[in-house]
Amino acid sequence: MDKKVLVIEDDPGTLRFVEYTLEQEGYQVLSVTNGLEGLKKAQDECPDLIILDIMLPGLDGYEVCRRLRQIPETAILPILIMSAKARQEDKDVGLKKGADDYLAKPVAPAEMLAKVETLLTSTAQIICATSEQ
Amino acid sequence: MKISEEQLIQDRVRELRENTDFTSTLFESLVGYAIIAADFDGNIIAYNNGARQIYGYTPEEIIGKQNIEIFFTEDFIKSGKLQHIIVGLIAKDQFSYEGEKVRKNGATFPAQVLFTLTRHKDGSVAGFVEIVEDLTQRKQTELSLRNIITSSIDGIVIVDQKGLIRFFNPSFGSLFGRKAEDLLGSMFGFPLVSGETTEIEIVRKRSEKTSIDTRTVEIRVVQINWEKENAYLALMQDITERKKVEEERSKLERMKTEFISNISHELRTPLQSIKGFAKLMLQGKVPDPETQKEFLTIIDSQSENLTRLIESLLDMSRIESCRFEIQKARLSVKDLIENAVGELYSLTNQRGIRIHENIPATLPEIKADGERLRQVMVNLFSNAIKFSHDGGSITVSADAKDNELLVQVTDYGIGISEDVMEHLFERFYQGNGSMTRSAGGSGLGLYISKQIIEAHGGDIWVESKVGGGSTFSFTLPYEKSHSEGAEQPRNPAQAKLREGEWSQGRNVKV
């Protein structure tokens, strides 16, 4: 079965790029453009991984990350932050809020795919809690 | 025996001579002091070098003579103080006082005076000796020190061990805004530690007004001896203004850091699309020509975004280094606005936003920098679009009034809160909240627009209500034909009138 990736990103260009790149590699992509929808989709759709932007309208990426970690269903879901906030402090905050990895934009397709693959392999054993019910 | 008697006499003579030498050496070497001895009748019998220097008489002029003026001034005698001295002298053999004396040339000088009665062996009065110290120098030093203390900008206060104020200078008094009689002897009220520098806040009550005013004061404390007691000397410097400047500077520093971080974000976002799609295509991952075209279109528009952002940064740099210039030419305001609206067509179309124009056909031409004004119009329209609801509308109106052109752009979107409005035209400022940040922008648009309008001699301001939309307005002066090319002076009274005429509700004048 194809791995499902949820993309939470508000910049249309970046979103299109991520979607296209992942789909080319056979991933099933779900996308939303704000944090609140992202939280909802993450619980409803049981994705295998989330690609998360930081500067989002409403809830920002850090907050989305923090909340995802508090929800049992998404507590161990791999989260890859992909943000134009590129300072070390920004990365530190992201990782502290519970992200598994952090990529600073601009990201090359190969770089992004490699990270996605690594995160999925290392958490391959983890199955979305809701899918078992 | 004879020898020893002779010896004794010789010894005694030597002794006397030595004694006399000693006394006269002492007498003459006390140059800082005038020593004058007189007999019972007031005839001067001894007069030292010090006296000569202080009074100016030669010994020849004075010895063997009576000179009442040398001892007492006329005023002194008239004031009845002489009586006082005589009583004191007879009772205690000595009397001292501080007062004025007169030199030979008639000049008076402050003096410390000591009278001593001399007596014969039988105890009867032989005469008296007067010793005078000229205090002129010391008084001058005291005056200079007092001057330094009273004119010191820093407050100076002496507080005793009990915490009571024992001395203070005028600056100290004005720091507290209180009168001397209220302060002297009252509790200082702040703990003082010798050798320490502390900062305190003084809340000052203005007696006439009810308004209070808080000053930040830096206190430096040293331990001193004051009237034979341990006490504290505190120097108090009003650092309110300095603090304000420092705070302002660090606020600007913070804004700059935030600005750079924002700019970095704004530069990286379009770069993601450019780099991402370019790599995909180079690696042959986009075989479909239609998709290729789609991606190239995104790359193209993001390159435009980047270019605009870089132009804004360059404009800011020009403004900062005062190299910002405008080049004026005659132009039609209607054309200018319509071109700007046309430029943003794809953006408004995409979100279903309509722009209503309300520009009279008769609007006269204006002399201005067309390219710069286009920049202002595009900025105001972009903001209006950014903060409008999908399917909403924007109104642009232009009108000529008196000698001015007024242009207004109104949206019916989310509006601006008052605290944001205050800072809207400041450089680096971006409205807080992720809504405005995610809406993008360098935080420079309105700042640059303000500089452009002001360079034309106009004003720009905003009126807004949260949830009720915003109106951005600017004016440009029409130049009179006889002063063609000359900048119209900005008249504050006129600006006030303008504000009153056109602004309703909350507005921020910039």
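Look up a bit, the structure's there.
Source: prediction; values computed, not measured.

Engineer: Explain the overall build of chain A to me, and be specific about the residues and the numbers.
Structural biologist: Along its length, chain A carries six helices and five strands. Reading the secondary structure of chain A in the N-to-C direction produces β-α-β-α-β-α-β-α-β-α-α. Across the 133 residues that make up chain A, the buried fraction comes to 52%. Intrachain contacts of chain A at a sequence separation of at least 6 include 63% that bridge at least 24 residues. Taken as a whole, chain A presents about 5900 Å² of accessible surface, with 49% of it coming from carbon and sulfur.

Engineer: Any chance you could break down the environment of Leu103 of chain A for me, citing the residues and the numbers?
Structural biologist: All names here are of chain A. With respect to the helices and strands, the residue Leu103 is situated in strand E5 (residues 101-104). Considering only alpha carbons, one finds Leu103 and Ser83, 20 residues apart in sequence, at a separation of 6.5 Å. Among all residues touching Leu103, those that are not within four sequence positions of it are Leu80, Ile81, Met82, Ser83, Glu111, Met112 and Lys115.

Engineer: Quick one: what's the story with the interface of chain B and chain A, residue by residue and with numbers?
Structural biologist: Taken together, the 26 residues of chain B in the interface contact 25 residues of chain A. At the boundary of chain B with chain A, total buried surface from both sides reaches about 2200 Å², with 61% on carbon and sulfur atoms. In terms of surface lost to chain A, no three residues of chain B exceed His265, Arg268 and Gln272 of chain B, which account for 28% of the buried area on that side. Connecting chain B to chain A are one salt bridge. Note that Glu294 of chain B is salt-bridged to Arg16 of chain A, the shortest N-O span being 2.6 Å.

Engineer: Help me get a handle on the pairing of strand E16 (residues 460-464) of chain B, residues and values and all.
Structural biologist: Residue and element names in this part refer to chain B. When you tally the buried positions in E16, you get five out of five residues, the bulk of the element. Of the two faces of E16, the one carrying Ile460, Val462 and Ser464 and the one carrying Trp461 and Glu463 are both buried. Pairing of E16 with strand E17 (residues 470-477) involves five bridges; the strand directions are antiparallel. Within E17, the residue paired with Glu463 across the bridge is Thr471.

Engineer: Could you give an account of unusual backbone geometry, naming the residues involved and the relevant values?
Structural biologist: The omega angle of the peptide bond from Lys105 of chain A to Pro106 of chain A is 0 degrees, so this bond is cis rather than trans. Within the secondary structure layout, Pro106 of chain A lies in the loop between E5 and helix H5 (109-122). A positive phi angle, near 70 degrees, is found at Asp93 of chain B, a position not held by glycine. Mapped onto the elements, Asp93 of chain B comes out in the loop between helix H6 (81-92) and strand E3 (94-102). In this structure Asp93 of chain B comes out as partly exposed when scored by relative accessible area, which is 26%.

Engineer: With reference to specific residues and values, describe the packing of aromatic side chains.
Structural biologist: Residues and elements named next belong to chain B. Tallying each qualifying case throughout the model produces 18 aromatic pairs over all chains. Summarising the aromatic geometry, the rings of Phe172 and Phe176 are spaced 4.9 Å apart at their centres and angled 45 degrees between planes, so their arrangement reads as tilted. With Phe172 and Phe176 both in helix H8 (residues 170-176) and four residues apart, this pair spans about one turn of that helix. Judged by relative accessible area, which is 13%, Phe176 ranks as buried. For the pair Phe425 and Phe472, a centre-to-centre distance of 6.3 Å together with 65 degrees between the ring planes defines the contact as edge-to-face. With a gap of 47 residues between them, Phe425 in the loop between helix H15 (418-423) and helix H16 (434-438) and Phe472 in strand E17 connect regions that are remote in the sequence. Relative accessible area serves as the criterion here: at 7%, Phe472 is assigned to the buried category. Each member of the aromatic cluster is reached from another via a ring pair, and the members are Phe71, Phe72, Phe76, Phe95, Tyr97, Phe115 and Phe128.

Engineer: Tell me about the sheet that holds E3 of chain B, residues and numbers included.
Structural biologist: Residue and element names in this part refer to chain B. Strands sit in the order E2-E1-E5-E4-E3 across an open sheet of five strands; the sheet is antiparallel. Edge strands, defined here as strands with exactly one partner in the open sheet, are strand E2 (44-47) and E3. With direction set aside, neighbouring strand axes in the sheet form an average angle of 25 degrees. With nine bridges connecting them, E3 and strand E4 (residues 108-119) associate as antiparallel partners. Considered in E4, the bridge of Lys101 is made with Phe109. Along the sheet, helix H7 (residues 136-151) contacts E3, E4 and strand E5 (125-134); its crossing angle with E4, the most-contacted strand, is approximately 135 degrees.

Engineer: Run through the packing of helix H12 (residues 333-343) of chain B against helix H14 (residues 370-386) of chain B, naming residues and quoting values.
Structural biologist: All names here are of chain B. H14 packs onto H12 with a crossing angle of 50 degrees between their chain directions and a minimal axis gap of 9 Å. On the basis of their axis angle, the class for H12 and H14 is oblique. You can see that H12 and H14 cross each other, and the crossing is right-handed. Contacts from Leu336, Ile337, Ala340, Val341 and Glu343 of H12 reach H14 at Gly370, Leu373, Arg374, Met377, Val378 and Phe381. In terms of residue class, the contact of H12 with H14 is made up of eight nonpolar, one polar and two charged.

Engineer: Which residues make up the nonpolar core, and what values go with them?
Structural biologist: Counting 50 residues, the largest nonpolar core has Ile337, Met377, Phe381 and Phe474 of chain B as its most contacted members. Per-element tally for this core: the top contributor is H14 of chain B, with eight residues. Listed in part, the 28 residues of the second largest apolar core include Ile51 and Met82 of chain A together with Phe277 and Val286 of chain B.

Engineer: Please provide a residue-by-residue account of helix H11 (residues 289-320) of chain B, values included.
Structural biologist: Because the α-helix completes a turn every 3.6 residues, residues three or four places apart line up on one side. All names here are of chain B. The end-to-end C-alpha distance of H11 is 46 Å, a good match for the 46 Å that 32 residues give at a rise of 1.5 Å each. Within the sequence span of H11, burial applies to Thr291, Phe295, Ile298, Ile299, Gln302, Leu306, Leu309, Ser312, Asp315, Met316 and Ile319. A positive backbone phi angle near 60 degrees is found at Cys322, which sits one or two residues after H11.

Calculation criteria
- Residues numbered from 1 in each chain as written.
- Chains lettered and ligands numbered in written order.
- Predicted model: local features only at pLDDT ≥ 70, side-chain atom pairs only at ≥ 80, totals over all residues.
- Heavy atoms only, no water.
- Helix = DSSP H or I, 4+ residues; strand = E, 2+ residues; numbered from the N terminus.
- Buried < 20%, exposed > 50% of the residue type's maximum accessible area, 1.4 Å probe, protein only.
- Contact = heavy atoms within 4.5 Å.
- Areas by Shrake-Rupley, 256 points an atom, 1.4 Å probe, with all protein chains shown as cover.
- Buried area = accessible area lost by both parts, 1.4 Å probe.
- Salt bridge = Lys/Arg side-chain N within 4 Å of Asp/Glu carboxyl O.
- Pairing = 2+ DSSP bridges.
- Phe/Tyr/Trp six-rings, centres within 6.5 Å; stacked < 30°, edge-to-face > 60°.
- Axes fitted to C-alpha atoms, helices over the stretch in contact; angles between N-to-C directions.
- Parallel < 35°, antiparallel > 145°, perpendicular 65-115°, else oblique.
- Left-handed = near helix turned anticlockwise from the far one by under 90°.
- Nonpolar A, V, L, I, M, F, W, Y, C, P; charged D, E, K, R; others polar.
- Core = buried A, V, L, I, M, F, W, Y, C linked by side-chain atoms within 4.5 Å.
- Expected span 1.5 Å × (residues − 1).

Interpretation note: all reported values are geometric properties and have no functional meaning in isolation.
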